[in-house]
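Observations on chain architecture
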Amino acid sequence: MKKITALANLALLFGLLQLPANAVQLVVPAYFAPSPTGLPPATTPNGTADWNTLITAQQAQKANNQLPIVAIVNPNTGAGTAADTAYYQQVYTDFSNAGGTLIGYIPSGYVGQSINPDASCQARTAQAVVGCAQDYRTLYPNIISGIFVDEFGIQAGTNPGITPTQVTDFYTQIYDGIKGIDPNWTVFGNPGSNAPIDFLRQGNSGGADTLITYEDIAANYAANLPSGYVSSFPASTFGNFVLETPESSLRSIIDTAVSRNVGYIFVTDEGVNVNNGNPYDRLPTYFASELSIINSINRGQSVAQQVPEPDAWPIPLVGVGLILAIRHRKRSRAKG
């Protein structure tokens, strides 16, 4: 009796262990511009090809019931102007129609202290940052699913005497304003490093649903351990951007991110000192491999080695265990 029951329980447990853990999604800072016919070449010459790659990849994601790619869009350090809309409208629409998730980029000027005079978003106040979010709703209606708030927190070495409470209040106002535009929008905050738990939305305070807690090169990744509170939240609460990663380290970096409860990941071979400091001016050369690894994780497969699909072999084993258990119960009742 005990042996048969143990076998049934083991079969059930074995089947359950094949279910995927917290999912991980590819999030692409897509700061490369397409060049539609009739418009001048973009500053990122591979922009059109890279957007076509993203759209094609997302179509395959949808066809194969894989999680959507998340693309952060950034027409002009913000939503841009009405004149920019035609430049991006078609590719954004095509990506969205393929099932992709579009997130609009806006700067926040490190609590309004650092403003790029050439940016379409002049983030001098919390209200101005919210206005920049509204521009995405106005210029790209029905295709934006959230806002990516960059320059989140105090810039290292330039603290103008702003208190932690003032920082939290600033981003709380931004969060409330963005949710006022669309309560279904996800708000990403990018401090780029480990951040106080107060930055996360909890109750009526905090500025982000998801924090980007790492934005640095691969060489520093292993030693940069996450804050202790990270394990207490869903994986979708955190994202990591890992730069200057050779393809030989791609799997180990993603595996490490997953082990650290990171739900959004972007790994690239691009460097930090390129194209005026934009390491996101193109897709990684190993984009297809990166997406394939992430998909394998979400299918419940090992990152280190491929195993048969979960539905190919645990289910029969579970069935055998259940049949054995049922037969044993019937025999026990007959004897009784």
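See above for the structure.
Residues numbered from 1 in each chain as written. Predicted model: local features only at pLDDT ≥ 70, side-chain atom pairs only at ≥ 80, totals over all residues. Heavy atoms only, no water.

Considering the environment of Ile-212
We apply this condition: Runs of H or I in DSSP of at least four residues are treated as helices and runs of E of at least two as strands, each being numbered from the N terminus. Note on exposure labels: buried denotes an accessible area under 20% of the residue type's maximum, exposed denotes more than 50%, and partly exposed covers the range between, all computed with a 1.4 Å probe on protein chains only. Here, residues are in contact when the closest pair of their heavy atoms is within 4.5 Å.
The residue Ile-212 is located in strand 6 (residues 210–217) in this model. Judged by its relative accessible area of 0%, Ile-212 falls in the buried class. For the pair Ile-212 and Gly-189, spaced 23 residues apart in the sequence, the C-alpha separation amounts to 6.3 Å. Sequence-distant contacts of Ile-212, defined by excluding residues within four places in its chain, comprise Phe-148, Phe-188, Gly-189, Asn-190, Pro-191, Gly-192, Ser-193, Gly-239 and Phe-241.

What to know about the packing of helix 7 (residues 250–259) against helix 8 (residues 287–298)
For any two helices packed against each other, one specifies the inter-axial angle together with the distance between the axes. Short version of the rule: Every angle, taken between N-to-C directions, lies between 0 and 180 degrees, and every axis is a line fitted to C-alpha atoms, over only the stretch in contact when it is a helix. For classification, angles of less than 35 degrees are called roughly parallel, those exceeding 145 degrees roughly antiparallel, those between 65 and 115 degrees roughly perpendicular, and all remaining angles oblique. Crossing handedness: left-handed means the near helix sits turned counterclockwise from the far one by under a right angle, and right-handed means the same turn made clockwise.
In contact at an axis separation of 11 Å, helix 7 and helix 8 are set at 40 degrees when each is read in the N-to-C sense. Here helix 8 runs oblique to helix 7, going by the angle between their axes. Helix-helix and strand crossings are classified by hand; for helix 7 and helix 8 the assignment is right-handed. Together, Leu-250, Arg-251, Ile-254 and Val-258 of helix 7 and Ser-289, Glu-290, Ile-293, Ile-294 and Ile-297 of helix 8 make up the contact between the two elements.

Concerning the state of the cysteines
Selection criterion: Here, a disulfide means two cysteine sulfur atoms that sit within 2.5 Å of each other.
Here the structure, examined in full by the defined rule, presents one disulfide. Paired through a disulfide, Cys-121 and Cys-132 show a sulfur-sulfur distance of 2.0 Å. Linking Cys-121 and Cys-132, the disulfide has an S-S dihedral of approximately 100 degrees and is accordingly described as right-handed. With Cys-121 in the loop between helix 4 (109–112) and helix 5 (126–139) and Cys-132 in helix 5, this residue pair connects regions lying eleven residues apart in the sequence.

Notes on helix 3 (residues 82–97)
The cut-off we apply is this: Under the convention used throughout, the expected extent of a helix is 1.5 Å for every residue step, that is, one less than its residue count. Note on bend: at a given residue it equals the angle between the axes fitted to the 7 residues ending there and to the 7 starting there.
With 16 residues, helix 3 should cover 22 Å at 1.5 Å per step; its first-to-last C-alpha distance of 22 Å lies within 8% of that length. Taking the largest bend as the criterion, helix 3 deviates by roughly 50 degrees, centred on Tyr-88. If you follow the buried residues of helix 3, they end up packed against helix 2 (47–63), strand 2 (70–73), strand 3 (101–107) and helix 5. Looking one or two residues beyond helix 3, the residue adopting positive phi is Gly-99, at roughly 100 degrees.

A few points about the sheet that holds strand 7 (residues 238–243)
The condition is simple: Strands pair, by our definition, only if DSSP identifies at least two bridges between them.
On the basis of which strands lie adjacent, the closed barrel formed by eight strands has the order 1-2-3-4-5-6-7-8 and parallel pairing. Adjacent strand axes in the sheet meet at a mean angle of 25 degrees when their direction is disregarded. For strand 2 and strand 3, the ladder comprises four bridges, and the chain directions are parallel. Note that in strand 3 the partner of Val-73 across the bridge is Gly-104. Along the sheet, helix 5 contacts strand 2, strand 3 and strand 4 (146–150); its crossing angle with strand 3, the most-contacted strand, is approximately 145 degrees.

Describing the nonpolar core
Spelled out, the test is: Think of a nonpolar core as a cluster: buried Ala, Val, Leu, Ile, Met, Phe, Trp, Tyr and Cys residues, connected wherever their side-chain atoms sit within 4.5 Å.
Membership of the largest hydrophobic core comes to 89 residues, with the highest contact counts inside it found for Trp-51 and Leu-54. Those residues in contact with Leu-54 that sit more than four places away from it in its chain are Val-28, Ala-30, Phe-32, Ile-69, Phe-95, Leu-283 and Phe-287.

Focus on the pattern of salt bridges
So the rule is basically this: Any carboxyl oxygen of Asp or Glu that lies within 4 Å of a side-chain nitrogen of Lys or Arg is treated as forming a salt bridge with it.
Scanning the model with the defined rule gives five salt bridges in all. The partner of Asp-182 in a salt bridge is Arg-137, and the shortest N-O contact between them spans 2.5 Å. Taken as a pair, Asp-182 in the loop between helix 6 (164–181) and strand 5 (186–189) and Arg-137 in helix 5 lie far apart in primary sequence, 45 residues in all. The residue Arg-201 makes a salt bridge to Asp-176 at a minimum N-O spacing of 2.7 Å. With Arg-201 in the loop between strand 5 and strand 6 and Asp-176 in helix 6, the pair connects residues that are 25 residues apart, well separated along the chain. Classification of Asp-176 by relative accessible area gives partly exposed; the value is 39%. Each of Asp-269, Glu-270 and Arg-282 takes part in one network of salt bridges that share partners.

With respect to the pairing of strand 2
Our working rule: With strands facing away from the observer, any crossover in which the path from the first strand over the helix to the second runs clockwise is taken as right-handed.
Burial of the side chains of strand 2 extends over both faces: Val-70 and Ile-72 are buried on one face and Ala-71 and Val-73 on the other. Looking at chain direction, strand 1 (residues 25–30) and strand 2 are connected through four bridges and run parallel. Counterpart to Val-28 in the pairing with strand 2 is Ala-71. Note that the unit made of strand 2, helix 3 and strand 3 has a crossover that is right-handed.

Considerations on the side chain of Thr-44
We apply this condition: Nitrogen and oxygen atoms within 3.5 Å of one another constitute a polar contact, given that in protein one can donate a hydrogen and the other can accept it, and given that sequence-neighbouring residues count only through two side-chain atoms.
Tracing the chain through its elements places Thr-44 in the loop between strand 1 and helix 2. Here Ala-33 takes part through its backbone nitrogen, which lies 2.7 Å from a polar atom of the side chain of Thr-44.

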